[in-house]
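# Topology and contacts: notes
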Amino acid sequence: MVRKKEIGLDEAGDEAWDLVQGQLRNVICGNALPENTDSAIQEQRRHLTDLIQRCVTVGESNSALVIGPSGSGKSMLLASILSELNQDPKISGNLLQVHLHGLLQTDDRIAVQEITRQLKLENTVKDKVFGSIAENLAFLLEALKKDEGKSQSILLILEEFDLFAHHKNQTLLYNLFDISQSAQTPITVIGITCRLDVVELLEKRVKSRFSHRQIHLFHSMTFDTACQVCEQALSLSSDFVNKKFSSEWNSHVKEFMKEPSVLRALKHRYDLDRSIRSLYSCLVIPVCRLSSSHPRLDPTDVLDSLKLCSTDSKSAMLQGVTILQLSLIIAMKHLAELYEGSTVNFEMVFNEYQKFVQKKSHSIQSFGKPVCLKAFEQLIVLELITPAEGPGLAGAKSTPKEYRPVKLLVTPSQIVETLKSYTGCPNELKMWASNPIMA
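What this report covers is the structure whose coordinates are included nearby. (Residues numbered from 1 in each chain as written. Predicted model: local features only at pLDDT ≥ 70, side-chain atom pairs only at ≥ 80, totals over all residues. Heavy atoms only, no water.)

## Thoughts on the overall build of the chain
Helix and strand content of the chain: 22 helices and seven strands. For a compact globule of 439 residues, the expected C-alpha radius of gyration is about 22 Å, and the chain comes in at 29 Å, more than 25% above that figure. If one aligns the C-alpha atoms of the chain with their principal axes, the spans along those axes are about 90 × 70 × 40 Å. Here the chain holds 439 residues, and the buried ones make up 45% of them. Across the chain, every contact between residues at least 6 apart in sequence was considered, and the portion connecting residues at least 24 apart equals 73%. As displayed, the chain has an accessible area near 22800 Å², and 51% of this comes from carbon and sulfur atoms. The average position of the 49 basic charges and that of the 51 acidic charges among the side chains of the chain differ by 3 Å. (Helix = DSSP H or I, 4+ residues; strand = E, 2+ residues; numbered from the N terminus. Rg over C-alpha atoms; globule rule 2.2 N^0.38 Å. Buried < 20%, exposed > 50% of the residue type's maximum accessible area, 1.4 Å probe, protein only. Contact = heavy atoms within 4.5 Å. Areas by Shrake-Rupley, 256 points an atom, 1.4 Å probe, with all protein chains shown as cover. Lys, Arg positive; Asp, Glu negative; His and termini not counted. Charge placed at Lys NZ, Arg CZ, Asp CG, Glu CD.)

## Details of empty space enclosed by the protein
Using the criterion set out here, one finds one cavity of 30 Å³ or more in the structure. Looking at the lining of the largest cavity, the elements with two or more residues in it are helix 7 (133-143), strand 3 (153-159) and helix 9 (171-181). By residue number, the principal contributor to the lining of the largest cavity is helix 7, which donates three residues. Residues that form the lining of the largest cavity fall into these classes: 11 nonpolar, no polar and no charged. (1 Å grid on protein atoms, 1.4 Å probe; cavity = no way out; pocket = protein on both sides within 12 Å on 5 of 7 lines; lining within 4 Å. Points joined across faces, edges and corners; volume = space filled by probe spheres on them. Nonpolar A, V, L, I, M, F, W, Y, C, P; charged D, E, K, R; others polar.)

## Things to note about the sheet that holds strand 3
An order of 2-3-4-1-5 is seen for the five strands of this open sheet, with the pairing classed as parallel. Here the strands that pair on one side only, and so sit at the sheet edges, are strand 2 (95-101) and strand 5 (214-216). Averaged over all pairs of adjacent strands, the angle between their axes in this sheet comes to 20 degrees, without regard to strand direction. (Pairing = 2+ DSSP bridges. Axes fitted to C-alpha atoms, helices over the stretch in contact; angles between N-to-C directions.)

## Topic: unusual backbone geometry
The backbone of Asn169 sits at a positive phi, close to 60 degrees, despite the residue not being glycine. Looking at the element boundaries, Asn169 is found in the loop between helix 8 (161-164) and helix 9. The phi angle at Gln170 is positive, at roughly 50 degrees, despite the residue not being glycine. Assignment of secondary structure puts Gln170 in the loop between helix 8 and helix 9. Using a relative accessible area of 3% as the deciding quantity, one classes Gln170 as buried.

## Some details on the pairing of strand 3
Burial analysis of strand 3 places six of its seven residues in the buried class, which makes it a mostly covered element. Relative to strand 3, strand 2 runs parallel, the two sharing seven bridges. Bridge pairing in strand 3 links His99 to Ile157. Bridge analysis of strand 3 against strand 4 (residues 187-193) gives six bridges, and the strand direction is parallel. Its bridge partner being in strand 4, Ile157 is matched across the sheet by Ile190.

## Let's talk about the packing of aromatic side chains
Applying the stated criterion across every chain, the model contains 11 aromatic pairs. On the numbers, 6.4 Å between centres and 40 degrees between planes, the contact of Phe350 with Tyr353 is tilted. Note that Phe350 and Tyr353 are positioned in helix 19 (residues 346-359) at a spacing of three residues, about one turn of the helix. A residue is classified by how much of its surface remains accessible, and Tyr353, at 1% relative accessible area, is buried. Grouped by ring-pair contacts, the aromatic residues Trp17, Phe240, Phe245 and Trp249 constitute a single cluster. Taking NZ or CZ as reference, Arg205 lies 4.4 Å from the ring centre of Tyr174, over its face. Taking NZ or CZ as reference, Lys267 lies 5.7 Å from the ring centre of Phe223, over its face. (Phe/Tyr/Trp six-rings, centres within 6.5 Å; stacked < 30°, edge-to-face > 60°. Lys NZ or Arg CZ within 6 Å of the ring centre and 35° of its normal.)

Rendered as structure tokens:
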């Protein structure tokens, strides 16, 4: 937005709103740690910063685990620390970063290839054949040494650390922790995981080489802080090109965040999930709808966003099943209520379905047993029904499929809600769902 004169919200054109949307989306969809949450994790931040700084400045190798529930800000915190440290030329020029992810690097061979790629040593390795991962890693570290023999510091970050613990023999973890204990190369290994019992997954030889340094993060953000985080995310920065526009917009955001409907929506989302990522998801639709014809944030947009974020996946899947499959699910619902949650099988469900169809044959189409069995199996594939597991069910797999015990994964309230909005659903089916006697 290049303007010679200052403009307000109502005079701004599409070019200005594209610029606003771009800046706000960078914050909402980015991985930056909000300033308001920094005070709650000062101790963890200081600990991690000290580990990385000592690796670069003193050549001290170490290892640590950052543990906390999903959405507690583990990756955000580490990204914020690295962004701050990269501003120091002494650190950024002497620190090599390697980022691995347990969902992407599914075995040690792929992980070593990714380490090689991120260290930009593909040409050095070329077609060399190594006898072990230890030999491969030793070669990579030797290749990184400068002319005078001094090694560069390496920061290795393992996202979803617990998945690396499931690799065969945990060879990669063993070698990385082993290197971090030796004095040959300054290396810091930081694992990020949601599992509190992750150390118990490590083999004895791997545990012996791990420093057992654990840094815990929790959802400590209050609702007032959450509202401040949302207000900060929606506000334009002080370096925005148009000061008048920026001032008017930030005043509008403050008024918007005082709206009772907005606060109720955010409180509802906060009670479900206290992560920053979850709160930001409520702001995506309001930001994306900004334009010259819609120059202000609308509380109804937040409600639309909340409704979209809170969509029940099972209810959404029920909207796509056939009338026959819906009838089988309702039959299972009644049997589950009759037998107080005990398992049922296809024969029981089919008999219940037949009773209903015989009474309503004038309005409900009847299907044979093979067709019903096929529809029943499709419900298992969709995970709306699941085979029952537990004591006394060990031989269920050898049982004919019509008699295998199953459980319903859909609640009665989800079924009732689906029937209200299901297009073309017969009234008899709705009545049967609410009252089995009506059938």
